[in-house]
Structure formats: structure tokens, C-alpha cells
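Chain residues, written in single-letter form:
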Amino acid sequence: MSKVFKILWKIVKILIVVVGILYVVYQWNLDQKLLGWAYVQVNRIFDRKKQDIKF
């Protein structure tokens, strides 16, 4: 029975850490900040590209 409790305790600790990380990301709005940074990087790449349209 002790092995079962050890495994369950490890699972509970992992879940607590994951929920804590997700809470911090949600609270500090880090996902939106990361996407904002990614959009800037993508726009830099595509703004440098020559236009494909010929008139």
C-alpha cells in the first residue's frame, strides 16, 4: 500500500506544479505577451520579403 501512496503523492505534486504554472501564466497574461512577440517576429520576416504580385 505504501508504493501506491508514493505514486499517488508524486502525481499530486506534479499536478500542483502544473496548475501553479498555468495559474501564473493566466494571471500575468504571459500567453498574450508571447503571441504579441511572435506576431512581431513574423511580421518582420514577411515585411522583408519582396512582393510576389507583378503589375
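For the structure itself, look to the data block above.
1. A short note on the overall build of the protein
Inference 1: Within the protein one finds two helices and zero strands.
Inference 2: Split into buried and exposed, the 55 residues of the protein put 0% on the buried side.

2. Quick word on unusual backbone geometry
Inference 1: Phi is positive for Asn29, which is not a glycine, with a value near 60 degrees.
Inference 2: In this structure Asn29 comes out as partly exposed when scored by relative accessible area, which is 39%.

3. Some details on a positive patch on the surface
Inference 1: On the surface, Lys3, Lys6, Lys10 and Lys13 cluster together to form a positively charged patch.
Inference 2: Summarising the element assignment, Lys3 is placed in helix α1 (residues 2-27).

4. As for α1
Inference 1: In this model α1 runs 37 Å from its N-terminal to its C-terminal C-alpha over 26 residues, within 8% of the 38 Å that 1.5 Å per residue would give.
Inference 2: Backbone geometry just after α1 places Asn29 at a positive phi near 60 degrees.

Rules used in this analysis
- Residues numbered from 1 in each chain as written.
- Predicted model: local features only at pLDDT ≥ 70, side-chain atom pairs only at ≥ 80, totals over all residues.
- Heavy atoms only, no water.
- Helix = DSSP H or I, 4+ residues; strand = E, 2+ residues; numbered from the N terminus.
- Buried < 20%, exposed > 50% of the residue type's maximum accessible area, 1.4 Å probe, protein only.
- Patch = residues over 30% accessible without salt bridge, like charges linked within 9 Å, V, L, I, M, F, W, Y side chains within 5 Å.
- Areas by Shrake-Rupley, 256 points an atom, 1.4 Å probe, with all protein chains shown as cover.
- Salt bridge = Lys/Arg side-chain N within 4 Å of Asp/Glu carboxyl O.
- Lys, Arg positive; Asp, Glu negative; His and termini not counted.
- Charge placed at Lys NZ, Arg CZ, Asp CG, Glu CD.
- Expected span 1.5 Å × (residues − 1).

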